[in-house]
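One-letter residues, chain by chain:
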Amino acid sequence: MSGAALAVVVVVVFFLALYLLQRYGDLWKQQRLVLFGTLLSWYLCFLIVFILPLDVSMAVYNQCNSNITNTTTATPTNPSSRSEANLSPFPSMSPPGKCEEPWTYIPNDTLEVFWRVVYWTSQFLTWLLLPFMQSYARSGAFSVVGKIKTALIENALYYGSYLLIFIALLIYVAVQLKWKLTLADLQTIGITAANTWGLFLLVLLLGYGLVEIPRSYWLSSSHNYVLSKSYFKVAKMATEKAEADEKLADVIEEVAGIHASVRQNHFLRKYVDIILTKCPTKYQEEMGINVEISRVDQNAPPTKRVLVKLHEKVVSAVQRHNQTQVQWSILLEQAFHLEDVAKSQNSSLRHFTHSFPLAHRGWIRRFIYTPTVEWFWECVLRQGVCRLLAVLLWLLSAAVIWSECTFFSTHPVLSLFAVFIQLAEKWYNYHCIEMVCFVGILFMCVCVYSTVFRIRFFNYYYLVPHHQTDAYSLLFSGMLFCRLTPPLCLNFLGMIHMDSAISHKNRVQTSYTSIMGSMQLLSFISDGFYIYYPMLVLLLCFATYYNLGPRCLNLLGFHQYITDDDLISDLVDEGRELIKRERRKRQRAEDGENRRWAWRERYGVNGATGRNRAGYIELKDNQKEPVTKIKKSVVTFTRRNEKADEQQTGLLQEDSSDDESPNRRSTAGSYLTLSPPVKGVFDDV
């Protein structure tokens, strides 16, 4: 099977990366270069993780061949030596006359070339290409040349300072320590610096994931906890949705002012038209109508720099507005489903009932995942499965934490992963070696990568599923993956004592370790930082367990879900009321649709009367077909100064009302009323 295992892994990992990109990005609307850069960075990082266990089994096979080559005599015949061998905790099995090849055998030359291509391509992406593409995608310039110029200036300022500091430190070290640095030494120093930076961030993310992932599965077994957290998310998202709507309205107001001030024959008009194309369609129509009556008291035409910044603001505001709309709809569906689960648990019928019929019922729900099967899963099996999975993940987390704190000890061997690998190596069990390596490094990667997918830096970096992640966040995630994966693999090789720089063993190295070079050149890093810094993961696990991070964020005003906080309880109550209101709105809409359907079935299409969410349907005496009258509400943007009031009027669809109180608050944060709206300029349009 020479090369067959490598080919299978390469294909499977590609489709895994493509699936994740399709889930978080938009394959049809986003720029092709952004999608290609993100896909390539994720793909290379996943390849490193999946190929490393095969490299470890090949290192064991090469060590077996080395032992046969170097051993000219059989096992010692000295009785004392034989007794000492029998007392060994790992009874060694004498190497056979010919070592058996692992079932995933890959030639050494192929592995070395593969690692060099993958590693250096990922480093080129993370340090040069992806930062440039980030600046290019975020730029508000109107031409390709302008975007490239902006990206070059930003990256030159950022990386130029780092390059100057690195050269100054290199000259100082070479002069003071009188090193004779070669090209290979410079390459090793560069690799070590990149791995040190990645290890610093790796331990922070790993400490959070080792605790949060098992705890999240354990808490998800409690339906009350999941429902309360869903209410909290709804209340928080309602605030974010209102802020996104207000920001978009402010930006559209600014665009409307510039749209009115720049005439059709102005040389900047083509840039204004580009900005208008990025605005939502309803605002484009609105500004097209209003521009004819807003020629009074025009402001001076803007400069091109102002239009570039406005273009960037429009793209960001529209993207954030779309994200909040999609997330709001998803949270509503999740909350409705959780409330349906609570009702089904208290019901005597073993049949899951949805409050609202599903829009799409595929063949899986019709024949396999039936309402009865769904009831057994949601109400009976799910809690036990989640707790069992949480216990298994807790055991893996404990093994990783113990191994991170003890892998420096080689006599005796305390790292659990090193014990398992050495025990399997004694019997040349390649399947066991690869399985232990795969489970260990995959779990560590899930802990780190899931934290990357969860963290949020305000609105600059935020991975949103359902195709709502912007280009900047996608590229930034690719940068993080490429910087975190190499030190993660080196850290795992140190845990299983396959890295001679840490274990100080004279044995055959993996092909991955060989391309990293000898870190003995920087002994204070290989013998100090790489060994003792990972122990900090224990403190980070304690901090995550006691929610020190979320408590600090709550003090700063960034609300996080904590069960013993009064403010969080108020947000949960607010979210519950929002869900009740949305449920009533949806129920009224469905009841109205059912009544209209009943009228159509009884009297035919021509006799249908009633009201839908958009307006009224009436049938005049002298008309054979119904006429739909759409009620519109008027939203005005007013800017006042000392001389005159400039008013811009926009038409927006009327929100469905609540019949319980005359004044009530909508999801966007504005207050609705049952009183008739003030007559506006365009009421008759």
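Fair warning: this is a prediction, and the values are worked out from it, not measured in the lab.

**Concerning the overall build of the protein chain**
Of regular secondary structure, the protein chain possesses 21 helices and nine strands. Looking at the protein chain residue by residue over its 685 residues, the buried ones come to 41%. Relative to all contacts within the protein chain whose residues are 6 or more apart in sequence, the contacts with residues 24 or more apart total 73%.

**Notes on a positive patch on the surface**
Judged by side-chain charge, Lys149, Lys270, Lys304, Arg305 and Lys309 come together as a positively charged surface patch. Note on placement: Lys304 falls in helix 10 (residues 304-345). For Lys304, a relative accessible area of 42% translates into the label partly exposed.

**A few points about the packing of aromatic side chains**
The full count for this structure, using the stated rule, is 29 aromatic pairs. Ring centres 6.3 Å apart and planes at 75° place the aromatic pair Phe457 and Phe476 in the edge-to-face group. In this pair, Phe457 is assigned in strand 1 (residues 456-457) and Phe476 in helix 15 (residues 471-495), connecting sequence segments 19 residues apart. Of the residues examined, Phe457 reaches a relative accessible area of 41% and is grouped as partly exposed. Cluster of aromatic residues (ring-pair linked, three or more members): Tyr24, Trp42, Phe46, Tyr449, Phe453 and Phe481. Directly above the ring of Trp328 sits Lys241, whose terminal nitrogen or CZ lies 6.0 Å from the centroid.

**Details of the state of the cysteines**
On inspection of all chains with the given rule, the structure shows one disulfide. Linked covalently through their sulfurs, Cys64 and Cys99 form a disulfide whose S-S length is 1.8 Å. Here Cys64 and Cys99 share a disulfide; its torsion about the S-S bond, -85°, makes the bridge left-handed. Here Cys64 is found in helix 2 (residues 32-70), whereas its partner Cys99 is found in the loop between helix 3 (79-86) and helix 4 (108-138), with 35 residues between them in sequence. As far as the burial class goes, Cys64 and Cys99 line up, both buried.

**Overview of unusual backbone geometry**
Among all residues save glycine, negative phi is the norm, and among peptide bonds the norm is trans. Put simply, His411 and Pro412 share a cis peptide bond, and its omega is 0°. Relative to the helices and strands, Pro412 resides in the loop between helix 12 (371-406) and helix 13 (416-426). Phi at Tyr428 is positive, roughly 50°, even though this residue is not glycine. By the secondary structure assignment, Tyr428 is in the loop between helix 13 and helix 14 (430-454). Given the relative accessible area of 18%, Tyr428 is considered buried. Its identity as a non-glycine residue notwithstanding, His466 has a phi of 60°, on the positive side. Tracing the backbone shows His466 in the loop between strand 2 (461-462) and helix 15. The exposure class of His466 is partly exposed, given its relative accessible area of 36%.

**Structural notes on the environment of His559**
Along the chain, His559 turns up in the loop between helix 20 (548-555) and helix 21 (566-603). What His559 contacts, discounting residues up to four positions off in sequence, is Phe232, Lys236, Asn554, Leu567, Ile568 and Leu571.

**With respect to helix 12**
Residue pairs three or four apart in sequence face the same way in an α-helix, which turns once every 3.6 residues. Look at helix 12: 50 Å from first C-alpha to last across 36 residues, which is about the 52 Å you get at 1.5 Å a residue. The largest bend in helix 12 is about 60°, located at Leu381.

**Here's the deal with the pattern of salt bridges**
A complete count under the given rule lists 16 salt bridges for this structure. The shortest N-O distance in the salt bridge between Glu577 and Lys580 comes to 3.8 Å. With Glu577 and Lys580 both in helix 21, this residue pair falls three residues apart, about one helical turn. The partly exposed category is assigned to Glu577, whose relative accessible area is 47%. Put simply, Glu240, Arg320 and Arg456 are held in one network by salt bridges that share partners.

**Observations regarding helix 1 (residues 4-24)**
For helix 1, spanning 21 residues, the distance from its first C-alpha to its last is 31 Å, which sits close to the expected 30 Å at 1.5 Å a residue. Turning to helix 1, its buried residues are Ala5, Leu6, Val9, Val13, Ala17, Leu20, Leu21 and Tyr24. The buried residues of helix 1 occupy one face: seen down the axis, they fall within an arc of 125°. For helix 1, the exposed residues set more than 90 degrees away from the buried face come down to Val8, Val12 and Phe15. Against the buried residues of helix 1 lie helix 2, helix 4, helix 14 and helix 15.

**Some thoughts on the packing of helix 14 against helix 15**
In helix packing, the relevant descriptors are the interaxial angle and the interaxial distance, both defined with respect to the helix axes. The contact between helix 14 and helix 15 brings their axes to 11 Å, and the two run at 145°. By crossing handedness, the relation of helix 14 to helix 15 is classed as right-handed. Touching Val436, Cys437, Gly440, Ile441, Met444, Cys445, Val448, Tyr449, Val452 and Phe453 of helix 14 are Leu480, Phe481, Leu484, Thr485, Leu488, Cys489, Asn491, Phe492 and Met495, all from helix 15. Class assignment of the residues belonging to the contact of helix 14 with helix 15 gives a composition of 16 nonpolar, three polar and no charged.

**Here we look at the nonpolar core**
Residues Trp42, Ile51, Trp115, Leu210, Ile496 and Tyr512 are the most contacted members of the largest nonpolar core, which totals 97 residues. Filtering out sequence-adjacent residues up to four positions away, Ile496 remains in contact with Val56, Phe417, Ala418, Ile421 and Cys437. Counting residues in each nonpolar core, the second largest holds 21 residues, with Ala235, Ala238, Tyr561 and Val572 among its members.

**Quick notes on a nonpolar patch on the surface**
On the surface, Tyr217, Trp218, Leu388, Leu389, Val391, Leu392 and Leu395 cluster together into a nonpolar patch covering about 660 Å² of accessible area. Every element with two or more residues in the nonpolar patch is listed here: helix 6 (183-220) and helix 12. In terms of residue count, the dominant contributor to the nonpolar patch is helix 12 (five residues). Note on placement: Val391 falls in helix 12. The exposure class assigned to Val391 is partly exposed, which follows from its relative accessible area of 40%.

**Thoughts on the side chain of Thr410**
Relative to the assigned elements, Thr410 resides in the loop between helix 12 and helix 13. The exposure class of Thr410 is buried, given its relative accessible area of 18%. Beyond its immediate stretch of four places on either side in the chain, Thr410 contacts His497 and Ser503.

**What about the environment of Cys64?**
Here Cys64 falls in the buried class, since its relative accessible area comes to 1%. In sequence terms Cys64 and Glu100 are 36 residues apart; their C-alpha atoms lie 9.1 Å from each other.

**A word on the packing of helix 6 against helix 12**
Interhelical geometry of helix 6 versus helix 12 gives an angle of 160° and a closest axis separation of 7 Å. In this view, helix 6 runs roughly antiparallel relative to helix 12, as classed from their interaxial angle. Note on packing geometry: the crossing formed by helix 6 with helix 12 is left-handed. Residue-level contacts link Leu206, Leu210, Val211, Ile213, Pro214, Arg215, Tyr217, Trp218 and Ser220 of helix 6 to Arg382, Cys386, Arg387, Leu389, Ala390, Val391, Leu393, Trp394, Ser397, Val400, Ile401 and Glu404 of helix 12. Taken together, the residues that form the contact of helix 6 with helix 12 break down as 15 nonpolar, two polar and four charged.

Reading guide: rules and limits
For every chain, the first residue of its written sequence is number 1, and the numbers climb from 1 along that sequence. Where local features are concerned, this predicted model is filtered to residues with pLDDT of at least 70; where side-chain atom pairs are given and counted, the filter is 80 or more; whole-chain, interface and lining totals use all residues. To obtain the side-chain values, all non-hydrogen atoms of the structure were included, while hydrogens and water were left out. Helix and strand definitions follow DSSP, with helices as H or I runs of at least four residues and strands as E runs of at least two, each counted in order from the N terminus. Each residue's exposure class comes from its accessible area (1.4 Å probe, protein chains only) as a fraction of the maximum for that residue type: buried when under 20%, exposed when over 50%, partly exposed otherwise. Residues are treated as being in contact if the distance between any of their heavy atoms lies within 4.5 Å. Like charges within 9 Å and nonpolar side chains (Val, Leu, Ile, Met, Phe, Trp, Tyr) within 5 Å are joined into patches, using only residues over 30% in relative accessible area that form no salt bridge. Per-residue accessibility takes into account occlusion by the displayed protein chains alone, with areas from the Shrake-Rupley method and a 1.4 Å probe. By convention in these notes, a salt bridge is any Lys or Arg side-chain nitrogen within 4 Å of a carboxyl oxygen on Asp or Glu. When charges are counted, Lys and Arg are positive and Asp and Glu negative, with His and the chain ends excluded. Charged groups are reduced to one reference atom each: NZ for lysine, CZ for arginine, CG for aspartic acid, CD for glutamic acid. Each Phe, Tyr or Trp ring, with Trp reduced to its six-membered ring, pairs with another whose centre is within 6.5 Å; inter-plane angles below 30 degrees give stacked pairs, above 60 give edge-to-face pairs, and intermediate values give tilted ones. We count a charge as sitting over a ring when the NZ of a lysine or the CZ of an arginine lies within 6 Å of the ring centre and within 35 degrees of the ring normal. Note that a disulfide, as used here, is simply two cysteine sulfur atoms within 2.5 Å. A helix is expected to reach a length of 1.5 Å times the quantity of its residues less one. Two axes define the bend at a residue: one fitted to the seven residues ending there, one fitted to the seven starting there, and the bend is the angle between them. The arc in question is the one traced by the directions running from the helix axis out to the C-beta atoms. Angles shown run from 0 to 180 degrees and are taken between the N-to-C directions of axes, each axis being a line fitted to C-alpha atoms and, for helices, limited to the stretch in contact. By convention, the crossing between two helices is left-handed when the near helix turns anticlockwise from the far helix through less than a right angle, and right-handed when the turn is clockwise. Asp, Glu, Lys and Arg are counted as charged, while Ala, Val, Leu, Ile, Met, Phe, Trp, Tyr, Cys and Pro are counted as nonpolar; the rest, among them Gly, fall into the polar class. Only buried Ala, Val, Leu, Ile, Met, Phe, Trp, Tyr and Cys residues count toward a nonpolar core, and they belong to the same one when joined by side-chain atoms within 4.5 Å. Angular relationships are summarised with four words: roughly parallel below 35 degrees, roughly antiparallel beyond 145, roughly perpendicular across 65 to 115, and oblique for the angles in between.

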